[in-house]
Structures are given as structure tokens and as C-alpha cells.
Amino acid sequence: MLSIYFIALILALLGLQSIILKTNRNLQETGIASIPLLPTNIYLFPHIWHNISFVARFFKIFLAVVMIILVTNEYTYNTLRQSLITGLSRGQIVLSKIFDALILSLASAILLLVFGLVMGSVYSSGFDLWDVVRKMNFLAAHFLMVFGFLSLAMMIAFIVKKASLSIMILLVYAYILELIPAFKYSDSFGDFLPLRSINLLIQAPNTTIFDFLHLSSQSNHISSIHIIVALVYTTLFCLVSYFVVRKRDL
Amino acid sequence: MEVLRVNGLTKTYGSLIAVNNLTFSLKRGEVYGILGPNGSGKTTTLAMLSEAIHPSSGEFLWFGKDSGLNQRSKLGIMLEKPNFYDYLSAKDNLKIIADIRGVDYSEIDIVLKRIGLFERCNSRFKTFSLGMKQRLAIGAAVLGDPQVLILDEPTNGLDPEGIAEVRELIRKMAGEEKTILLASHLLDEVQKVCTQMIVLKKGNIIYDGSVNANAKNEIIIELMAEDIAALTEVLKQSVDFANFERKKEMIFVKIAPNITTSILNAYMQQHDILLSHLAYKKQSLEEDIFEILNEIR
């Protein structure tokens, strides 16, 4: 399952370039725009880190499914009880799942790192070390974003216990429920809702096309306020998971 | 030495009282049987003692101390059905258990041989039959040589050979100064391996004591005669044998321990009753249990 995520992400990142070139050509041919609206080369150092981590943002749901199944399997096979009676504490059980989430997030970040290094070297002319590492903080932001999202998935899975139901709840919350208040109250607390604030870690690259679309959340920087909010939420999700497992009969 | 002390242990699910105010203790080196019909609270009790479920009230102390991690590593527990990772082999599943308990991997092969799964140790758990799964669960419980074994229906799903092996294993562990707490609904099983028993009914303890000591300390003699009416008449007028019961053509006389069958036979001859059947019958555990269960009802 993890490999599906990796393959999907790599294919999407590889295909993106041709989609962009095609779209640019179409837009020019139809006369909508006379200049290329989209950045013509997304694989250039240092912007490649921002570009690929922005694209990867939309793929973290696959990792969340992996995470949910890792947790709900323990309920399905009743191995949570087995581990407990063998001698693990409830805290250690939750901790082991937090480690799973960390490993998944790290694997995702490493995938982006390797992909970025390869594609960046191929497409960038010349090799300037400062250019290569300058925007690598987006990889760290990607790691935090995925980890935050996975801890939400973990919390839902610990509470709900069933894989299918957990996935449905996560999908409905992430793609429908939260969008409504996030959009309506975007001036006030909307940006501080769990998923919105996690997603704001990596905002859309500041490019012509997003300007053109009047996309409100675009930035070439990672703001510290979003890091803090994401960390707070992540901690909260992990703590809730722990209290659920501590209180429950297994 | 006291291994476990349970004080007022209670578990309620809404209005249902699964386990009601249990108080008992376990001594070192004894084999205890928890006996009771289905749904009498055996598994719930064992799950609470394993800290898998939280008691609604009451407390229990392992080795005289409050519950905690260090305590649980001294316990080998097997609860209800075997729970392992379907997609991992028997060996890998035991490796996880060994990791959690800090047991050396070299012990895994010893345990696998002991439970008779060594040849299949690389097969996935889901390919196992129920009996093999049950054996693996017992293996997981004994891995790391724990001081106390908690076994919930250990012979469930095993073939006769497997049942005999598990009994042998339990007797062997008991010989090594281990304390064993075993739940079963099979009276026969408890009678064969346990020294002490606790009988549960609807969450209440209705008997707690030795298996061998006859619960009611009664001896029963079976009698049959050609003239059964005369026999009952004589019994009614006697002093020592007035406590009897007639079931079809057979009469069951309850007598005090100091009376023997020959005394009864002599008495019958004095009254010109010719017995066609006379047999001494020690009440079996099964009948004891049924009697105890019936009295409560």
C-alpha cells in the first residue's frame, strides 16, 4: 500500500511538467494568455523543494489510509489486547503507533528529497550548493504536515476502531466538513482549524497562475505561526489517542 | 506465599453485573480452576486481572503490590481466543512477544518444540487450524518462563492428544512452583489438573476451596431391591438412613461418613429386605457443582 503511495506521487510529480507545458500551449493557442501562465520549469533548484512539496500535499490522504489500517488492524485481530497482556503499557501501545506515523512521514520526506535531488540535478544548469539547500525547509514542513495529518488519522482510527468507517470520517471531514467553516470564517478562526492550519504550512507557490486565479493562500515562505499551530494540533491528536486507549477496555 | 489478592472486584456493563464483588486469593504453587457455565464472568475476571479491561470497582494486588508494568511481565496470560497477526508466521509472532517481554530469541525454538509447532513455525498464522492457534497462544503465555500462568479455556479446540499435552504442561509447570489460574467450563478438566477451585455463577463466587474435599462431604449409597416399596418403608423408619431419594427403581441414600455399606447391608438383612444392588458412590465433582449451582438458584 505504501508503495502505491510512492508510485502515485512519483508519477504525479513526473507528469506535472508535461501537463504544465500542455496547458501553457493550450492557453496560448486559444488566445487566453499571450505569455506562459504557468512556470515552465518546476524542477529548478531551489524552487523545486517548494513545488514538489506543494504537490505532495494532495497525496497525504493515501498515507493516512495506511496509518488508519495500521491502527485498526490491531483492533480487528485483537492484537492490541495480546500486546497489552504480554506486557506493553497502554502508553507504549500508542507510542508505537506514533512511531509508525513518524516513520511514514520520514519516508515521505525522504522520497521527496531523493526525487528533488535527482530531478533538480537533471534540470538545473550548473550546481550551486546554496541553491540546492536554500529551500529544503519545505521538506521539513512536508514532514510536519504529513505527521500532523497522520496523527489525526491515528486519533480517528483509535476512536472508531473500524478501518472503513475511519477512512470515511477522515474523507468527509477533510474534504467537506472543514472546508465550510474554513471558507466562511477565513478572516477569523478559519485558518486555525486543524487541517487548514496544517495545510497552510506549505502554501501555493507565488506564481502567475495562482495570481491569475486570485488564490488567497499563497506564499513562498513557511510562517512560524503555522508551525506552532500544527505542532499544537499534532500534540493534541496524540494525547487524545492516548487517553482513548487508556480509558478503554481492550 | 500469597501471589494474588483480589478484593471486591466488580465489573458492570450498564445494568448487567458481569462480575460481582469477587474476593479471593491465590497461593504460590497451586493450580486454581475457575469454573462456571458460559457467561458466568470467567473471562471478564481474567481480563481484569490482566489489566485488559478496567474493573468498575474493587482492587487486586499481584505479589502484594499494586498493579503495574513490572508485575505483568511476571504473568503469562492467554485470554479467550488466540490473537495474533494473521499475516505473520508463528515464529515472527512469538518474536514480537519475546521483544515485548525482553526474552532471548533462543527460547522461541524451545517453546515451539514444547507446543508441537516447530515443524510449522514458518507458516503464516492464518493457515493454522484452531487447535494450532490455541497451541501458539499457550506458547506465547509460557514464553519467558513466567511465575504465574493465566489460561482461559486452554484446551478449547484441541484434539485429545493436544488436551493431554496441555494437561501435562500444566502439571509440569505446577511442579516448578508456578501458580496457575485456569478458567474452564469443563468440570472434568478442572478435576484432572487443579488443586483448588473457584466456582462462579452469574458473576458471584459460589464455591472457593479444594477440589478433592467433597464440597458437601456426603457419601451416597445406591440401593435396589425386588420389593422396592418395602425397602422405602424400612428406610423411612430407620435413624441413619432416613435421608434418601428415589429415582425410578434406584434409591440413593445419603449417609454420614462413619457408616459403611456393610452396616447398611446388615440392617437390611435384619429387616428381611433382600438387596439386588448395593454400591458405594462418592459424589463426583460434577454432581457437587450441579448441586451448588442448584442451591443458589
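Above this text is the structure in question.
For the structure given in this document, a descriptive report is provided here. Worth saying up front: this structure is predicted, and the values here are computed from it rather than measured.

Cut-offs and rules
- Residues numbered from 1 in each chain as written.
- Chains lettered and ligands numbered in written order.
- Predicted model: local features only at pLDDT ≥ 70, side-chain atom pairs only at ≥ 80, totals over all residues.
- Pairing = 2+ DSSP bridges.
- Helix = DSSP H or I, 4+ residues; strand = E, 2+ residues; numbered from the N terminus.
- Axes fitted to C-alpha atoms, helices over the stretch in contact; angles between N-to-C directions.
- Expected span 1.5 Å × (residues − 1).
- Contact = placed C-beta atoms within 7 Å.
- Nonpolar A, V, L, I, M, F, W, Y, C, P; charged D, E, K, R; others polar.
- Buried ≥ 20, exposed ≤ 12 C-beta atoms within 10 Å, placed from the backbone.
- Parallel < 35°, antiparallel > 145°, perpendicular 65-115°, else oblique.
- Left-handed = near helix turned anticlockwise from the far one by under 90°.

Remarks on the sheet that holds strand 3 (residues 31–35) of chain B
All names here are of chain B.
Reasoning step 1: Ordered in space as 5-6-7-3-8-9, the 6 strands form an open sheet in which the pairing is mixed. Edge positions in the open sheet fall to strand 5 (75–78) and strand 9 (204–210), since each of these has one partner strand only. Each strand axis lies, on average, 10° off the axis of its neighbour in the sheet, ignoring direction.
Reasoning step 2: Bridging between strand 8 (residues 196–201) and strand 9 involves 6 bridges; their strand directions are antiparallel.

A closer look at helix 3 (residues 60–76) of chain A
Reasoning step 1: Relative to the 24 Å expected for 17 residues at 1.5 Å per residue, helix 3 of chain A spans 24 Å between its end C-alpha atoms, a close match to the ideal helical length.
Reasoning step 2: The positive-phi residue at the C-terminal boundary of helix 3 of chain A is N78 of chain A, with phi of around 60°.

Notes on the interface of chain A and chain B
Size of an interface: often given as the accessible area lost when the parts come together.
Reasoning step 1: Taken together, the 14 residues of chain A in the interface contact 18 residues of chain B.
Reasoning step 2: In the side of chain A that touches chain B, the residues fall into 5 nonpolar, 7 polar and 2 charged.

Some thoughts on unusual backbone geometry
Residues and elements named next belong to chain B.
Reasoning step 1: Located in the positive-phi region is D145, a residue other than glycine, with phi close to 50°.
Reasoning step 2: Positive phi values are uncommon outside glycine, yet E153 reaches one of about 50°.
Reasoning step 3: As for its placement among the helices and strands, E153 is situated in the loop between strand 6 (148–152) and helix 6 (160–175).

What to know about the pairing of strand 5 of chain B
All names here are of chain B.
Reasoning step 1: The alternating pattern of strand 5 places L75 and I77 and G76 and M78 on opposite faces, both of which are buried.
Reasoning step 2: Here 4 bridges tie strand 5 to strand 6, and the two strands are oriented parallel to one another. For M78, the partnering residue across the bridge sits in strand 6 and is L151.

Observations concerning the packing of helix 3 (residues 90–101) of chain B against helix 5 (residues 130–142) of chain B
The geometry of a pair of packed helices is captured by two quantities: the angle between their axes and the separation between those axes.
Residue and element names in this part refer to chain B.
Reasoning step 1: Two elements in contact, helix 3 and helix 5, have axes whose closest approach is 10 Å; the angle formed by their N-to-C orientations is 30°. When the axis of helix 3 is compared with that of helix 5, the two are roughly parallel. In terms of crossing hand, the pair formed by helix 3 and helix 5 is right-handed. Contacts from A90, N93, L94 and I97 of helix 3 reach helix 5 at L136, G139 and A140.
Reasoning step 2: By residue class, the composition of the contact of helix 3 with helix 5 is 5 nonpolar, 2 polar and no charged.

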